Amino acid sequence: METVLPGYFTGPMNTESHAAELDWVPSCGVQLRKAGVRFDAVRVDGCAGRLIAEAMAQMTLGEPGPVVEEVRGRRAVYFLVPVGSTGHRSWPDGVTRLTGEAGRIAFIPVPALSGWTWPLRWRHQPGVTGQLVHPLLLRSTLLAWAAGDLGVLAELEENPPAPPIHSGE
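Computed from a predicted structure; not experimentally measured.

Thresholds, definitions, all that
- Residues numbered from 1 in each chain as written.
- Predicted model: local features only at pLDDT ≥ 70, side-chain atom pairs only at ≥ 80, totals over all residues.
- Heavy atoms only, no water.
- Salt bridge = Lys/Arg side-chain N within 4 Å of Asp/Glu carboxyl O.
- Helix = DSSP H or I, 4+ residues; strand = E, 2+ residues; numbered from the N terminus.
- Buried < 20%, exposed > 50% of the residue type's maximum accessible area, 1.4 Å probe, protein only.
- pLDDT = per-residue confidence, 0-100.
- Contact = heavy atoms within 4.5 Å.
- Patch = residues over 30% accessible without salt bridge, like charges linked within 9 Å, V, L, I, M, F, W, Y side chains within 5 Å.
- Areas by Shrake-Rupley, 256 points an atom, 1.4 Å probe, with all protein chains shown as cover.
- Core = buried A, V, L, I, M, F, W, Y, C linked by side-chain atoms within 4.5 Å.

A.B. asks: I keep staring at the pattern of salt bridges and nothing clicks. Help me out?
C.D. replies: Opposite charge on two side chains lets them pair, provided their charged atoms get close. Scanning all chains against the criterion turns up 8 salt bridges. Its salt-bridge partner being glutamate 69, residue arginine 50 comes within 3.3 Å of it at the nearest N-O pair. With a gap of 19 residues between them, arginine 50 in helix 2 (residues 46–59) and glutamate 69 in strand 3 (residues 67–70) connect regions that are remote in the sequence. As a salt-bridge pair, glutamate 69 and arginine 123 come within 3.0 Å of each other at their nearest N and O atoms. Of the two residues, glutamate 69 is situated in strand 3 and arginine 123 in strand 7 (residues 120–124); the sequence distance between them amounts to 54 residues. One exposure class covers both glutamate 69 and arginine 123, and it is buried. Taken together, the shared-partner salt bridges connect Arg50, Glu54, Glu69, Arg121 and Arg123 into one network.

The following block contains the structure:
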């Protein structure tokens, strides 16, 4: 536990103590985690994934849940969702579900909270509560995007957000 002196703001929890509570996050580099064990994922490639991630952040006051992004290649964005939460629902074209459903094996790339994790990084780091991305909010946002009902996404599309900068990269 961190000692706090009166009148001093210590800021957010440091990454070492945060990582200790999230044993599925590697301490360094990147590791693959099997879908269906701790979480599943929804992958959206390219600019659309980044816009969806930022819209989700706006709708959740900056805490959409853990979102990982690739910085090269297909530039995929991985939204980490609860196990089994993506099945039995239709998803828009261009969305890939990474699940541990019967007959499926999928792996999700997970970067460390800091240090060298290229070509992956956290767009939104996991919180200390361990809350994952809300699948129904994600699905609704993706369906609105696919239907052209941009709403909050219209402004983001005109003025794309700068990529987040994380210390240790």
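There's plenty left to go through after this.
A.B. asks: Just to check I follow, could you spell out the confidence of the model for the protein for this structure?
C.D. replies: Detail in the predicted coordinates should be disregarded across regions flagged by low pLDDT. In this model, the protein carries an average pLDDT of 83, and 76% of its residues clear a pLDDT of 70 or more. Across residues 1–15 the pLDDT falls below 50, and counting only partners more than four positions away or on other chains, this stretch makes 7 contacts in the model.

A.B. asks: Whenever I open this one, a nonpolar patch on the surface confuses me. Can you help?
C.D. replies: A cluster of nonpolar side chains, Leu32, Ile105 and Phe107, forms an exposed patch at the surface whose accessible area comes to about 350 Å². Here leucine 32 lies in strand 1 (residues 30–34). On the basis of relative accessible area, leucine 32 is assigned to the exposed category, the value being 56%.

A.B. asks: How should I be thinking about the nonpolar core in this particular structure?
C.D. replies: When a protein is soluble and globular, its nonpolar side chains tend to lie buried together. With 18 residues, the main nonpolar core has Trp24, Phe39, Leu80, Ile108 and Trp122 as its most contacted residues. Looking at this core, the elements with two or more residues in it are strand 4 (77–81), strand 6 (107–111) and strand 7. Not counting chain neighbours up to four residues away, the residues in contact with leucine 80 comprise Trp24, Phe39, Asp40, Ala41, Pro66, Ile108, Trp122, Leu132 and Val133. Within the second largest apolar cluster, 15 residues are counted, among which are Val67, Val81, Val95 and Leu142.

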